Amino acid sequence: MTSYQLPVTSSDLRLKRRDRLRLSRCYKFLALFLSLTGVACTQNSQEQNSKVSVSPASSSSIESKALNIWWDKGFTLEEDEALQRAASRWEQQTGNKVKLSFYPTDELLQKAQRAIRAGKPPDILMSHRAGEELNPRLAWEGKLADISEAIAPVKQLYPNSALQAVNFYNNTAKKRSYYAVPIYQATIHIFYWRDLLEQVGWHERDIPKDWDGFWDFWLQAQRDLRAKQKRQIYGLGFPFSMGAVETYFFFEQILEAYDVQILNSQGQLRVDDPKVRQGIVKCLEWYAKFYKQGYVPPEATTWSNPDNNRSLLNRVVLTTPNLTLSIAAAVRQDPNVYRYHLGTIEFPNKPSGKPMRLLVTLRQAVVFNQSQHQKLAKDFLAYLIRPEVAGEYFKAAGGRFLPVNRQVWQDPFWTDPTDPHISTAMKQLIQGQTRPFYHVQNPAYTLVVAENLWGKALNRIVVDRISPEQAADEAIARMKQIFDRWQRINSE
C-alpha cells in the first residue's frame, strides 16, 4: 500500500534553516506514523487504546443500576456506533440504562478473566477469543447463566450447527443447555490480489480446484511476480507464530482437509491412534515446507494477530487465509480495489477430492451467574438478536461479520453477486458443509486453543529446526496432559 506523504507549502520555504529541519523531522515522523497505522487488522491488537462509551448517567447510583456490557472493540468506528445505536434504542424502549464499554480483543479477554477471579464480572461479555478459550469452561464450572429464554423467540431461525456451538454442559447443574447467545459466525476465507496475478498473465479462472494444484499455483505466481517486478513478494501469508490465533484456526482447517480427527464424537482424544499421530505429522510437514522453501515471509514466525492482514494489504504477500472479512472491509471505501483488485476465493477440494468442510466459530455473548442485572441482560440479548436489529448491526459493520440467523440471510446485501467478498463468503456457509471447532465438544480443548499448541509446534519446526515427528509428539504429549488434568480436576 502507498505510504502517506505530507505536502510542504510555500510558507515553509521561508522558515529559517533550523526551523525547516525541525519541521522536516516532524513531517517524517508523522508520515511514518500514518503509514504504519493506515492498515487494517483481523482482530484488534493490544496496542490499541481502550474505547469506552457510557450512557449518560448523572450519578454513581444511576450508573450502578445500568446494564454493564463489555464488548470487543470494532474494526471500524461504524461497528461500535451500530451497537451503540442498538443499545440506545433498547434504552428508549425499556427505560433502562446501558453502560457499554469497548476493549481491544486481547485486552478484553485478560480483563474479563481478572474480573471473574475477583467476583466482579460484567453483566454481559462478548469477546471474540472467549468463545474458543473461555466460555465452554465457564459453563462447565457453572459460572454462566442459562439463557435459553433469550434464544427461544428466534431459535427456529438458527442452523442446528449454531445451536450446537452454544449448547454447553454445566457440570455443577449436571445438565446441558444454552449458555451463550450466537451473535455472528466466522470461518476461514482466502484473500488474494487479482491485479497482481493479471500482471503475470493469470486470472481467477486459472486457479486450480484440486488441493496440490491450488497451492502450487501461488508458488508459481510468486516466482513469476518476482521475475517481473524485481522485488521480494511471497506467494503465501501463512501464520507461524504462537501469538497469532490465525495459526491455530488455519492449521485446524488443514487437519480437516486431511481428515485428521483429533476428538471423537464423545469429545475424547484420539491422539493415541497411530493414524491420527501420522496425520498430524503429515499436516505439520505440509504446512512447514512452504516456510522452509521461501514462500512465506520470514517474519511470519513472530506475527501478531493483525500481521497477516497487514502483509496482504501492503502487498508483501499475494494470498492469505483470514478468519473474517476484515481484509475486504479495509478497502471497502475504494470501490475499484474492493471489487476488482482484491479477490476472495473458496478453498480447493480436499486432497481426497471431496469438497472441503469448513470449520465455523460462533462469536457469542454470555451472561454471568453473578450478574446484578441478569434478567435485563437476557432481555437486551433477546432484543439484539432479533433479525431486524441484528441485520442492521451486521450491515453497518460492512459485512465483516456473517449472520447466523436465516432470516437475515434473505437480505440481498448478503447475496449480491456484485460484491465479490460477501457473496462468496455467504455461499460457502449456506451451500457448503460446515462443522464447529473442537472446543464445542470438550471444554478442555479451550486450553489447547489458549496455548496455541499448533502455533508452538510449527514454530518449533521452522525456528528450532526439530522434525515434524518430534513437534507432533510434543503437541500430543501436552494435549494429553491438558485433558488428563481437566478430567482429574473435574472428577474430584
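Residues numbered from 1 in each chain as written. Predicted model: local features only at pLDDT ≥ 70, side-chain atom pairs only at ≥ 80, totals over all residues. Heavy atoms only, no water.

In the annotation of an unreviewed UniProt entry, the protein is listed under the name ABC transporter substrate-binding protein and assigned to Chroococcidiopsis cubana SAG 39.79.

Participant: For the packing of helix 12 (residues 274-292) against helix 21 (residues 453-462), give the residues involved together with the corresponding values.
Facilitator: Two numbers describe how helix 12 lies on helix 21: the axes approach to 10 Å, and their chain directions differ by 55°. What the angle tells us is that helix 12 and helix 21 run oblique. Read as a crossing pair, helix 12 and helix 21 show a hand that is right-handed. In this structure, helix 12 uses Ile280, Leu284, Tyr287, Ala288, Tyr291 and Lys292 to contact helix 21, whose residues at the interface are Trp454, Ala457, Leu458, Ile461 and Val462. Class assignment of the residues belonging to the contact of helix 12 with helix 21 gives a composition of ten nonpolar, no polar and one charged. (Axes fitted to C-alpha atoms, helices over the stretch in contact; angles between N-to-C directions. Helix = DSSP H or I, 4+ residues; strand = E, 2+ residues; numbered from the N terminus. Parallel < 35°, antiparallel > 145°, perpendicular 65-115°, else oblique. Left-handed = near helix turned anticlockwise from the far one by under 90°. Contact = heavy atoms within 4.5 Å. Nonpolar A, V, L, I, M, F, W, Y, C, P; charged D, E, K, R; others polar.)

Participant: Describe the packing of aromatic side chains, listing the residues and the values that go with them.
Facilitator: Summed over all chains, the structure comprises 38 aromatic pairs. Each ring, one from Tyr184 and one from Phe394, has its centre 6.3 Å from the other, and the planes form 70°; the classification is edge-to-face. In this pair, Tyr184 sits in strand 7 (residues 181-187) while Phe394 sits in helix 17 (residues 387-396), placing the two residues 210 residues apart along the sequence. Looking at Phe394, the relative accessible area reads 2%, which means it is buried. Above the ring of Trp70, the side-chain terminus of Lys111 is found at 4.9 Å from the ring centroid. Taking NZ or CZ as reference, Arg315 lies 4.1 Å from the ring centre of Trp193, over its face. (Phe/Tyr/Trp six-rings, centres within 6.5 Å; stacked < 30°, edge-to-face > 60°. Buried < 20%, exposed > 50% of the residue type's maximum accessible area, 1.4 Å probe, protein only. Lys NZ or Arg CZ within 6 Å of the ring centre and 35° of its normal.)

Participant: Account for the pairing of strand 11 (residues 342-345), naming residues and giving values.
Facilitator: Burial of the side chains of strand 11 extends over both faces: Leu342 and Thr344 are buried on one face and Gly343 and Ile345 on the other. Strand direction decides the pairing type here: strand 8 (residues 189-193) and strand 11, joined by four bridges, are antiparallel. Opposite Ile190, over in strand 11, you have Ile345 as the bridge partner. (Pairing = 2+ DSSP bridges.)

Participant: I'd like a description of the packing of helix 3 (residues 77-94) against helix 17, backed by residues and values.
Facilitator: In contact at an axis separation of 8 Å, helix 3 and helix 17 are set at 160° when each is read in the N-to-C sense. Taken together, the axes of helix 3 and helix 17 lie roughly antiparallel to each other. Helix 3 and helix 17 meet at a crossing whose hand is right-handed. Listed contacts from helix 17 to Glu78, Glu79, Ala82, Leu83, Arg85, Ala86 and Arg89 of helix 3 are Val389, Glu392, Tyr393 and Ala396. Split into classes, the residues belonging to the contact of helix 3 with helix 17 amount to six nonpolar, no polar and five charged.

Participant: Describe the nonpolar core, naming the residues involved and giving the relevant values.
Facilitator: Ranked by internal contacts, the top residues of the largest apolar core, which has 162 residues, are Ile183, Trp215, Ile262, Ile280 and Tyr445. A per-element tally of this core places helix 12 first, with ten residues. Those residues in contact with Trp215 that lie beyond four places of it in its chain are Ile190, Leu236, Phe238, Phe250, Trp286, Phe290 and Pro348. (Core = buried A, V, L, I, M, F, W, Y, C linked by side-chain atoms within 4.5 Å.)

Participant: How would you explain the sheet that holds strand 11 if you had to name every residue and give the values?
Facilitator: Across the sheet, which stays open at both edges, the four strands sit in the order 9-10-8-11 with mixed pairing between neighbours. The open sheet has two edge strands, strand 9 (234-236) and strand 11, and neither has a second partner. Adjacent strand axes in the sheet meet at a mean angle of 25°, parallel and antiparallel pairs treated alike. Packing against the sheet, helix 10 (residues 211-229) makes contact with strand 8, strand 9, strand 10 (317-322) and strand 11, and its axis sits at approximately 170° to strand 9.

Participant: Lay out helix 17 with the relevant residues and their values.
Facilitator: Among the residues of helix 17, those classed as buried are Pro387, Val389, Ala390, Gly391, Tyr393 and Phe394. As for helix 17, its buried residues are in contact with strand 2 (67-72), helix 3, strand 7, helix 16 (374-384) and helix 18 (406-409). Count one or two residues on from helix 17 and you reach Gly398, which has phi positive near 75°.

Participant: Account for the confidence of the model for the protein, with residues named and values stated.
Facilitator: Looking at the protein, the pLDDT average stands at 86 and 87% of residues meet or exceed 70. In this model residues 1-62 is a low-confidence stretch, pLDDT under 50, and it forms 96 contacts with partners more than four residues away in sequence or in other chains. (pLDDT = per-residue confidence, 0-100.)

Participant: Which residues make up the pairing of strand 5 (residues 167-170), and what values go with them?
Facilitator: Pairing analysis gives four bridges linking strand 5 to strand 6 (residues 175-178), with the strands arranged antiparallel. Bridge pairing links Tyr169 to Arg176 in strand 6. Counted along the chain from strand 5 to the antiparallel partner strand 6, the turn is four residues long, and its residue Lys174 has a positive phi close to 55°.

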